[in-house]
Amino acid sequence: QKEVEQDPGPLSVPEGAIVSLNCTYSNSAFQYFMWYRQYSRKGPELLMYTYSSGNKEDGRFTAQVDKSSKYISLFIRDSQPSDSATYLCAMSDVDKLIFGTGTRLQVFP
Amino acid sequence: GAGVSQSPSNKVTEKGKDVELRCDPISGHTALYWYRQSLGQGLEFLIYFQGNSAPDKSGLPSDRFSAERTGGSVSTLTIQRTQQEDSAVYLCASSFGDSPLHFGNGTRLTVT
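Definitions and cut-offs
- All residue numbers refer to position in the chain's written sequence, counted from 1.
- Both sets of labels track the order of writing: A upward for chains, 1 upward for ligands.
- Thresholds applied to this predicted model are a pLDDT of at least 70 for local features of residues and 80 or more for the giving and counting of side-chain atom pairs; totals over whole chains, interfaces and linings are not thresholded and use all residues.
- Side-chain numbers here rest on the full set of heavy atoms in the structure, without hydrogens or water.
- By definition, any uninterrupted DSSP run of H or I lasting at least four residues is a helix, any uninterrupted run of E lasting at least two residues is a strand, and each is numbered from the N terminus.
- Only protein chains enter the accessibility calculation, which uses a 1.4 Å probe; a residue is then buried when its area is under 20% of its type maximum, exposed when over 50%, and partly exposed in between.
- Two rings belonging to Phe, Tyr or Trp (six-membered ring only in the last case) form a pair when the distance between their centres is within 6.5 Å. Interplanar angles under 30 degrees mark stacking, angles over 60 mark edge-to-face geometry, and anything in between is tilted.
- Pairing between two strands requires that DSSP report at least two bridges joining them.
- To obtain an axis, a line is fitted to C-alpha atoms, over the contacting stretch when the element is a helix, and the angle between two such axes runs from 0 to 180 degrees between their N-to-C directions.

*Asks:* Got a sec to walk through the side chain of Thr13 of chain B? Specific residues and values, please.
*Replies:* Within the secondary structure, Thr13 of chain B sits in strand 2 (residues 10-13). Classification of Thr13 of chain B by relative accessible area gives buried; the value is 8%.

The structure is reproduced here in structure tokens:
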């Protein structure tokens, strides 16, 4: 079993939809949780960063962490075609950072 | 300011040749990471440098892979006797303290 599981998609939604991206994990030592966005032929860029259970909001993006269920989510409201990218979850304990395989999102006009 | 810079952006090499990939981290970042990203796969950790400490090489897939970081700044990842399975995007990232990683755009390596 992988330490971090992420549905690879692809996920295709119409513009304006609410998107939910999810990851589950098995290592209860993970303390820091991140979402990265990766456009084609670019490096991943940090989107959201949190180290506690609960919700964190930044504009149209909300990151949710449920440590009791070992489950994290990224919600995108009013999705735009420019949101089309691969979204990678990542989490770490003190020593190591583990990435999910990424979910490919396509938002069509 | 400038982000993480990687060169070359693309590299095509013949099987059996050696290649060197370069990473310039963000100025002042003490930690530097190399990851490999294959099609449909997540980011695979390769090696981690933190300041003057001995690097964590636990992710290097074979002894054909090595990396060094000179003067606590620029890093070079070397792959000797390349194989077709080495074809992937090699990503470098840097960070400072507990801050999240900042990635470069990667080097796309194709071994023919």
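Continuing now.
*Asks:* An account of the packing of aromatic side chains is needed here, citing residue identities and associated values.
*Replies:* What the rule picks out here adds up to twelve aromatic pairs over all chains. Judged by centre distance (5.4 Å) and plane angle (85°), the ring pair of Phe99 of chain A and Tyr35 of chain B falls under edge-to-face. Separated into two different chains, Phe99 of chain A in strand 10 (residues 97-99) and Tyr35 of chain B in strand 4 (residues 31-37) make up a pair that spans both. With respect to class, Phe99 of chain A is no different from Tyr35 of chain B; both count as buried. Both rings, one in Tyr35 of chain B and one in Phe103 of chain B, keep their centres 5.9 Å apart while their planes meet at 50°; by these two values the pair is tilted. Of this pair, Tyr35 of chain B sits in strand 4 while Phe103 of chain B sits in strand 9 (residues 102-103), and the two are 68 residues apart along the sequence. Overall, Phe103 of chain B belongs to the buried group, its relative accessible area being 10%. Linked through ring pairs, Tyr36 and Phe99 of chain A together with Tyr33, Tyr35, Phe45, Tyr48 and Phe103 of chain B together constitute an aromatic cluster.

*Asks:* Would you mind going over the sheet that holds strand 6 (residues 65-69) of chain B in detail, with residue names and values included?
*Replies:* Pairing between the strands of a sheet comes from backbone hydrogen bonds, and it takes one of two forms, parallel or antiparallel. Residue and element names in this part refer to chain B. The strand order 1-3-7-6 describes an open sheet built from four strands, whose pairing is antiparallel. The sheet is open, and its two edges are formed by strand 1 (5-7) and strand 6, each paired on a single side. Shown here is a sheet whose adjacent strand axes are inclined to one another by a mean of 15°, direction ignored. As judged from the three bridges shared by strand 1 and strand 3 (residues 19-24), these two strands associate in the antiparallel manner. Along strand 3, the bridge assignment pairs Gln6 with Cys23.

Function cannot be read off these values alone, since they describe shape.
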